[in-house]
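# Summary of the model geometry
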Amino acid sequence: MAEPICDEFAVRISSGAAAGGALERDPDGQWVGRLRRISTSKLRSWGLVALLDDTKLLVSELVTNALRYGEGGEIEFRLVITLQGLLLAVNDGSAHRPQLRVAGDSSETGRGLFLVAALADDWGVSADGTTTWCTLSIAGADR
């Protein structure tokens, strides 16, 4: 039996076409901040303030990676709150599966999935490679 959903938020973000047909990739990160604020509001309304810091970082990493590496000019963000915890999922349309790696000391990128793996109770990538997801449990909120 599927776990009951207490609350759910989903949005498709179209990056739109810039002049010359190039895709606009949200270089100022406006959607990242908006989705952090929406997620924060949802968690507060359900009394899940212990998950706030980890959720904000996970949203930042997943959405930034999707905007940076996604294909097709659109991403889909989904936040689901259940009795057990939280699911975050981002579909970026790219079949290139993200890889967990350890970045070098001088690297300025490459730590996103490492942070997701460290903070989330579970995480993964869909079989087709388009959706990266992670979960936080309410039980694990006291870490």
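First, a word on scope: everything that follows refers to the structure included in this document. These numbers come from a predicted model, not from an experiment.

### A word on helix α3 (residues 112-119)
Among the residues of α3, those classed as buried are Gly112, Leu113, Val116 and Leu119. With its buried residues spanning 135° around the axis, α3 presents them on a single face.

### So, the pairing of strand β5 (residues 131-137)
Sheet analysis places strand β3 (residues 85-91) next to β5, joined by seven bridges and oriented antiparallel. Counterpart to Asn91 in the pairing with β5 is Thr131. Inspection of the sheet shows strand β4 (residues 122-125) paired to β5 by four bridges, in the antiparallel sense. Paired with Gly124 across the strands is Trp133, a residue of β5. The turn linking β4 back onto β5 is made up of five residues, and Gly129 within it adopts a positive phi angle of 80°.

### Points about the sheet that holds β5
Taken in spatial order, the five strands line up as β1-β2-β3-β5-β4 in an open sheet, and their pairing is antiparallel. Across the chains shown, the open sheet's two edge strands, defined by having one partner strand only, are β1 (5-14) and β4. Here the strands of the sheet are splayed against their neighbours by 10° on average, with no regard to which way each runs. Across the face of the sheet, helix α1 (residues 30-45) comes into contact with β1, β2 (74-82) and β3 while running at roughly 170° to β1. In the packing of helix α2 (residues 52-69) onto the sheet, contacts are made with β2, β3 and β5, and the angle to β3 comes to roughly 15°.

### Remarks on the nonpolar core
Counting 27 residues, the largest nonpolar core has Val63, Phe77, Leu86 and Leu88 as its most contacted members. At the level of secondary structure, the elements contributing two or more residues to this core comprise β1, α1, α2, β2, β3, α3 and β5. When neighbours within four sequence positions are excluded, Val63 is seen to be in contact with Val32, Leu35, Ile75, Phe77 and Val90.

### Concerning the pattern of salt bridges
Counted under the stated rule, the structure contains four salt bridges. A salt bridge links Lys42 to Asp7, with the shortest nitrogen-to-oxygen separation between them at 3.2 Å. On the criterion of sequence distance, the pair formed by Lys42 in helix α1 and Asp7 in strand β1 is long-range, its members being 35 residues apart. Among the salt bridges present, the one from Glu8 reaches Arg78, with a minimum N-O distance of 2.6 Å. One end of the pair, Glu8, is in strand β1; the other, Arg78, is in strand β2, and 70 residues separate them in sequence.

The rules we used
- Residues numbered from 1 in each chain as written.
- Predicted model: local features only at pLDDT ≥ 70, side-chain atom pairs only at ≥ 80, totals over all residues.
- Heavy atoms only, no water.
- Buried < 20%, exposed > 50% of the residue type's maximum accessible area, 1.4 Å probe, protein only.
- Helix = DSSP H or I, 4+ residues; strand = E, 2+ residues; numbered from the N terminus.
- Arc of directions from axis to C-beta.
- Pairing = 2+ DSSP bridges.
- Axes fitted to C-alpha atoms, helices over the stretch in contact; angles between N-to-C directions.
- Contact = heavy atoms within 4.5 Å.
- Core = buried A, V, L, I, M, F, W, Y, C linked by side-chain atoms within 4.5 Å.
- Salt bridge = Lys/Arg side-chain N within 4 Å of Asp/Glu carboxyl O.

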